Amino acid sequence: MIKPHGSDALQPRFVYDTAKHEALSKEAETLPSLLLNSAAAANAVMLGAGYFNPLSGYMNLADALSVAKNLKTASGLFWPVPIVNLTRDSGIKAGQRIALRDPNVEGHPVLAVMDVQGVEHVSDEQLREMAKEIFGNLDDKHPGVKTFLSLGNTLLSGPIDVLNFSYFQTEFPDTFRTAVEIRNEIAERGWNKVVAFQTRNPMHRAHEELCRMAHERLGTDGIVIHMLLGKLKEGDIPAPVRDACIRTMVEHYFPKNTVMITGYGFDMLYAGPREAVLHAVFRQNMGADYLIVGRDHAGVGDYYGPFDAQTIFDEKVPKGALQIEIFRADNTAFSKKLGRVVMMREAPDHVPDDFVALSGTKVRQMLGAGIAPPPEFSRPEVAKVLMEYYQIEDAKKA
């Protein structure tokens, strides 16, 4: 199986030893506390799950600035996005041991214990500098920029020991998996070569066929559909609905033991190209040999070019920095001429009218009205799940 990024073996920050976990949980109740924001909590979950291997905790300012500008830490580790604990001044001092509390679970239970190695002030100029590099813009209408610039100017750095996986394990028990668990299941299934598919949306016909194309062309043993389970921007479809859509699709249209349905506990950054590289890093950590990167991967609005998330691997990822490879996908749609889903670049004799193409707005209107999109666009079983969701949502607004 492919090695994790930056080490020979996965080094998750979750405390698996039962005695140590119990002792740390008791100690945490005696420590000074910090209530995390959702972004820092998501970083803790990803560290605990092994997805951010080989990081041991939150980056200091030098590392964060270096990663933002040069895609590597001060010591030279390749990394695409700063993994930080930005907060407002809380009176915490370097050298303290503190309990990090979960903002997303009622009662704010302890999520992790942190040894605070550094407490640094980050100027507004430095925050904007990092945001510009990460997101490619400073538009406050960009959901990632807006979130990042609102987190605070105090940066806490140091290693953490994670005690739980927030709400992800309880709310998504059949879907949430750590990188450790996915690696174990890949081995149990007897898969040697794996392709991963990232999604924050329900999967329509084009997505389904894209997974099938990659699986067949790369000669992989299996596909890991890996969905984001954390916070999204307003208007995005919630995780339980996406989960139901994907499970319905796989059950009806894929052979057994070809697809593993999983999810990870992270908030969407909407960082386009940079987030695509982060996706590749943590898919390597979970054991995938390939990651499908399609049009406007991890994008939002029109902030990024349609294939910037592919070209960044050529322009900014040094050769040998990652072992995982990307499968470059084009726009994918159903061809009326050929009677199947194709990548548009592979159908040069087609004109736009030869494809079944619907805008997101049009699909939303149809689903809300209880009208299923054509089967060339969306499987009827998947459309049914989405129609039920949109009709409930529209009824709430009425």
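Check the entry above for the structure.
Residues numbered from 1 in each chain as written. Predicted model: local features only at pLDDT ≥ 70, side-chain atom pairs only at ≥ 80, totals over all residues. Heavy atoms only, no water.

Caption draft 1: The overall build of the protein chain, seen in detail. Helix and strand content of the protein chain: 13 helices and 15 strands. Its C-alpha atoms give the protein chain a radius of gyration of 21 Å, within 12% of the compact-globule value 21 Å for 398 residues. Expressed as lengths along the three principal axes of its C-alpha atoms, the size of the protein chain is roughly 65 × 50 × 45 Å. Taking all 398 residues of the protein chain together, the buried fraction comes to 56%. (Helix = DSSP H or I, 4+ residues; strand = E, 2+ residues; numbered from the N terminus. Rg over C-alpha atoms; globule rule 2.2 N^0.38 Å. Buried < 20%, exposed > 50% of the residue type's maximum accessible area, 1.4 Å probe, protein only.)

Caption draft 2: Region of interest: helix 4 (residues 124–135). Look at helix 4: 16 Å from first C-alpha to last across 12 residues, which is about the 16 Å you get at 1.5 Å a residue. Buried-residue contacts for helix 4 involve helix 3 (61–70), strand 3 (85–87), helix 5 (143–148) and helix 10 (273–285). One or two steps after helix 4, the chain reaches Gly 136, where phi turns positive at roughly 80 degrees. (Expected span 1.5 Å × (residues − 1). Contact = heavy atoms within 4.5 Å.)

Caption draft 3: Spatial organisation of the packing of helix 3 against helix 4. Orientation of helix 3 relative to helix 4, taken along the N-to-C sense of each, is 35 degrees, at an axis distance of 8 Å. Note that helix 3 runs across helix 4; the crossing there is left-handed. Residues Leu 61, Ala 64, Leu 65, Ala 68 and Lys 69 of helix 3 lie in contact with helix 4, whose contacting residues are Gln 126, Glu 129, Met 130 and Glu 133. For the contact of helix 3 with helix 4, a count of residues per class yields five nonpolar, one polar and three charged. (Axes fitted to C-alpha atoms, helices over the stretch in contact; angles between N-to-C directions. Left-handed = near helix turned anticlockwise from the far one by under 90°. Nonpolar A, V, L, I, M, F, W, Y, C, P; charged D, E, K, R; others polar.)

Caption draft 4: The arrangement of the side chain of Arg 283 in detail. Within the secondary structure, Arg 283 is located in helix 10. Buried and unpaired, Arg 283 has no salt bridge, with Glu 275 as the nearest side chain of opposite charge at 8.2 Å. Engagement of the side chain of Arg 283 in a polar contact is seen with the side chain of Gln 198, the distance being 2.5 Å. In contact with Arg 283, other than residues within four places in its own chain, are Ala 196, Gln 198, His 226, Tyr 264, Ala 288, Leu 291 and Ile 324. (Lys, Arg positive; Asp, Glu negative; His and termini not counted. Salt bridge = Lys/Arg side-chain N within 4 Å of Asp/Glu carboxyl O. Polar contact = N/O pair within 3.5 Å; in protein donor to acceptor, adjacent residues only side chain to side chain.)

Caption draft 5: View of the nonpolar core. One finds Tyr 51, Phe 52, Met 130 and Phe 313 to be the most contacted residues of the largest nonpolar core, which totals 131 residues. Residues in contact with Tyr 51, not counting those within four places in the same chain, are Met 46, Arg 177, Thr 178, Ala 179, Ile 182, His 226, Gly 263, Tyr 264, Phe 282, Asn 285 and Met 286. The next biggest cluster of nonpolar side chains, apart from the first, holds eight residues, and it includes Leu 24, Ala 28, Val 110 and Leu 163. (Core = buried A, V, L, I, M, F, W, Y, C linked by side-chain atoms within 4.5 Å.)

Caption draft 6: Geometry of the sheet that holds strand 12 (residues 325–328). Read from one edge to the other, the open sheet built from five strands follows the order 10-9-8-11-12, with strand pairing classed as parallel. Edge positions in the open sheet fall to strand 10 (259–264) and strand 12, since each of these has one partner strand only. Ignoring which end each strand starts from, the neighbouring axes of this sheet average 30 degrees apart. Strand direction decides the pairing type here: strand 9 (residues 222–228) and strand 10, joined by six bridges, are parallel. Within the sheet, the bridge partner assigned to Leu 228 lies in strand 10 and is Tyr 264. On the sheet, helix 11 (residues 308–315) packs against strand 11 (290–293) and strand 12 and is oriented at approximately 140 degrees with respect to strand 12. (Pairing = 2+ DSSP bridges.)

Caption draft 7: Here's a closer look at the pattern of salt bridges. Summed over all chains, the structure comprises 20 salt bridges. Among the salt bridges present, the one from Lys 233 reaches Asp 236, with a minimum N-O distance of 3.0 Å. Lys 233 sits in the partly exposed class, given a relative accessible area of 29%. When its relative accessible area of 16% is taken as the criterion, Asp 236 is described as buried.

Caption draft 8: Representation of unusual backbone geometry within the structure. For the bond from Asn 53 to Pro 54, the omega torsion is 10 degrees, close enough to zero to count as cis. Of note, Pro 54 is situated in the loop between helix 2 (38–48) and strand 2 (57–58). Despite not being glycine, His 108 shows a phi value in the positive range, around 50 degrees. With respect to the secondary-structure elements, His 108 resides in the loop between strand 4 (97–101) and strand 5 (110–115). The phi torsion at Asp 296 lies on the positive side, around 55 degrees, for a residue other than glycine. Topologically, Asp 296 is positioned in the loop between strand 11 and helix 11.

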